[in-house]
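Chain by chain, the residues:
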Amino acid sequence: MNPSPAIRKVFQGVASRPQMFRMFDRHLQRSNRWEDDATPLYAGEWFEIGEAEHDYMFEILPPLWIRGSMFAMREFLTGSVTSVFFALRIDEAIRYFHGYCDLSDKASVEAMRVAIIERESRPVRAMTRDERLEHIWSSTADDYRGYAGERWPEASRGKRTIMIYGKGGTVLKLLEDLSEDEIAAKLPVQLRHLPSPIAA
């Protein structure tokens, strides 16, 4: 199922509290919500939050565990996937992150911690195509995004869709099929011209 279960950044910038809560369930609209194993959808997703949001989540419930500057939520989202919150020193500053880790994989938390530090330690701000698509998905209102259903060809069903504005009006398109121009049009101005990591 899409997206890939690899560790991936799903929002550029520091999420506000409303954005954080909205991104806790970015896949709410999928049609088979109660029928499939959602682990591959959520496991590996991460984004940056503020210190106040990090502390707020720490105080909601007693954590499942605390390991140094990390803690895990007691309530699981799906299967063995739960929220893990990180306070990480990157370039001499403490920054805060939320990630979904599959705790059935004992290496998942450390792998995510390392991936976040590596991604955020790049000397030049950059975004991959996948990060651009994930940011668009995360920041688009539910009314303008969804999942391909019965009207789509069988190979496309279940894939993420997004509403775009074209010359003839609005068009529903697969997120993965957006052109570079369509991606640029959907991104905030400050993110449109960031280089890819290869070019960075």
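Residues numbered from 1 in each chain as written. Predicted model: local features only at pLDDT ≥ 70, side-chain atom pairs only at ≥ 80, totals over all residues. Heavy atoms only, no water.

Comments concerning the packing of aromatic side chains
As a reminder of what qualifies: Stacked, tilted and edge-to-face are the three classes assigned to paired rings of Phe, Tyr and Trp, where Trp is represented by its six-membered ring and a pair needs centres within 6.5 Å; plane angles under 30 degrees give stacked, over 60 edge-to-face, the rest tilted. Think of it in three bands: with a 1.4 Å probe and only protein chains considered, a residue is buried below 20% of the maximum accessible area for its type, exposed above 50%, and partly exposed in between. For helices the rule is a DSSP run of H or I covering at least 4 residues; for strands it is a run of E covering at least 2, with both sets numbered from the N terminus onward.
As enumerated under the stated definition, the model contains 9 aromatic pairs in all. Each ring, one from Phe21 and one from Phe24, has its centre 5.5 Å from the other, and the planes form 85 degrees; the classification is edge-to-face. Exposure remark for Phe21: the relative accessible area of 37% places this residue in the partly exposed category. Their ring planes at 70 degrees and their centres at 5.8 Å tell us that Trp46 and Phe97 sit as a pair that is edge-to-face. In this pair, Trp46 is assigned in strand β2 (residues 45-49) and Phe97 in strand β6 (residues 93-102), connecting sequence segments 51 residues apart. For the pair shown, Trp46 and Phe97 are each scored as buried. Through successive ring pairs, a cluster of aromatic residues spans Phe21, Phe24, Phe47, Tyr56, Phe58, Phe71 and Phe85.

Focus on the pattern of salt bridges
To keep it simple, the criterion reads: Only one rule defines a salt bridge in this text: a Lys or Arg side-chain nitrogen within 4 Å of an Asp or Glu carboxyl oxygen.
The full count for this structure, using the stated rule, is 18 salt bridges. A salt bridge links Arg22 to Asp142, with the nearest nitrogen and oxygen atoms 3.5 Å apart. Residue Arg22 is found in helix α1 (residues 17-23), and its partner Asp142 is found in the loop between α5 (129-139) and β7 (145-147); the two are separated by 120 residues along the sequence. By relative accessible area, which is 29% here, Arg22 ends up partly exposed. When its relative accessible area of 30% is taken as the criterion, Asp142 is described as partly exposed. The partner of Glu154 in a salt bridge is Arg157, with the nearest N and O atoms 3.8 Å apart.

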